[in-house]
Amino acid sequence: MRKAENSSRERFVTSRYAALAEFVALTNLLEPTNDSLTASQLESLDPEVISVLESVWRVACQRFGPRPSDPPAILAQTGGAEGIVVLIRGDDPNRPYALTSPIDLYVTVRTVRDALRALATTKPGTLPIDLPLQAGPARVQVRPDGRMLPGLDLRDFFLPALAGGDVRRIKICPASGCGRLFMATRRNKASCSDACANRLKAARFRKDHASYYTAEERQKRADRNARRKRRIAKLR
């Protein structure tokens, strides 16, 4: 019964934080090795920089590109075309925010990542904090019926996803070599994946049982295993 209740609670949390989880997934498009390009590098034509931007863009188009199941407003604005990245407001799925270039996407990912990391390291009860959210390009959204919605930028999509959420569910994976952001469907969830959870368990074991890996201890285990095998052989 308790397991069923926990599963139901996790499904509720997943649904409740669906919009914010999309932004978390957006930040994880960047690998640690390519998340620090400067403004001058982004404006250059360096082949290595272009390769990084294009690789992130391809993954983002697959993950956040228009789909046949998207709201009609999104399909009408994008034409359902491939090669475009679309963010959607969780409280109004008919209001898309399109990212139309690899540089635009990269800057947006960095901005959202820095804001979420600031929140992930904030203790509950903290006074209002300033998030590093710069305004994006000034855009006017034109609905299929011709109506215009002026002034939409990144903040209009990111801030509604934060409203009413629990900051304790935004976490940074502590596993060695990871550091990704993730949404904790359980408050005690400590890592972003099973693989990282196993690495954390192994690290804790090594810390708590330092002598386990010494040559003397290894030899003792080998001797015990040999004696056990001999006993089994005799029984046969």
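For the protein, the helix and strand inventory stands at nine helices and six strands. Taking 2.2 N^0.38 as the reference for a compact globule, 236 residues should give roughly 18 Å; the C-alpha atoms of the protein span a radius of gyration of 24 Å, well beyond that estimate. Principal-axis analysis of the C-alpha atoms gives the protein an extent of 85 × 50 × 45 Å. Burial analysis of the protein (236 residues in total) assigns 33% to the buried set. A separation threshold of at least 6 residues defines the contact pool for the protein, and within that pool the share at least 24 residues apart is 52%. Accessible surface, the protein as shown: approximately 15,000 Å² in total, 53% of it carbon and sulfur. Distance between charge centroids for the protein: 14 Å, based on 41 positive and 25 negative side chains.

Another point: a nonpolar patch on the surface. Together, Val140, Val142 and Met148 make up an exposed nonpolar region whose accessible area comes to about 300 Å². In this structure, valine 140 sits in strand β3 (residues 139-142).

By the element assignment, aspartate 92 lies in strand β2 (residues 92-99). In the structure, aspartate 92 is positioned 55 residues away from leucine 37 in sequence and 33 Å away in space, judged by C-alpha atoms.

Here we come to helix α6 (residues 102-120). When the terminal C-alpha atoms of α6 are compared, their 26 Å separation across 19 residues agrees well with the 27 Å that a helix rising 1.5 Å per residue should span. Those residues of α6 that fall on the buried side of the exposure criterion are Asp104, Leu105, Tyr106, Thr108, Val109, Thr111, Val112, Arg113, Ala115, Leu116 and Leu119.

The rules behind each value
- Residues numbered from 1 in each chain as written.
- Predicted model: local features only at pLDDT ≥ 70, side-chain atom pairs only at ≥ 80, totals over all residues.
- Heavy atoms only, no water.
- Helix = DSSP H or I, 4+ residues; strand = E, 2+ residues; numbered from the N terminus.
- Rg over C-alpha atoms; globule rule 2.2 N^0.38 Å.
- Buried < 20%, exposed > 50% of the residue type's maximum accessible area, 1.4 Å probe, protein only.
- Contact = heavy atoms within 4.5 Å.
- Areas by Shrake-Rupley, 256 points an atom, 1.4 Å probe, with all protein chains shown as cover.
- Lys, Arg positive; Asp, Glu negative; His and termini not counted.
- Charge placed at Lys NZ, Arg CZ, Asp CG, Glu CD.
- Patch = residues over 30% accessible without salt bridge, like charges linked within 9 Å, V, L, I, M, F, W, Y side chains within 5 Å.
- Salt bridge = Lys/Arg side-chain N within 4 Å of Asp/Glu carboxyl O.
- Expected span 1.5 Å × (residues − 1).

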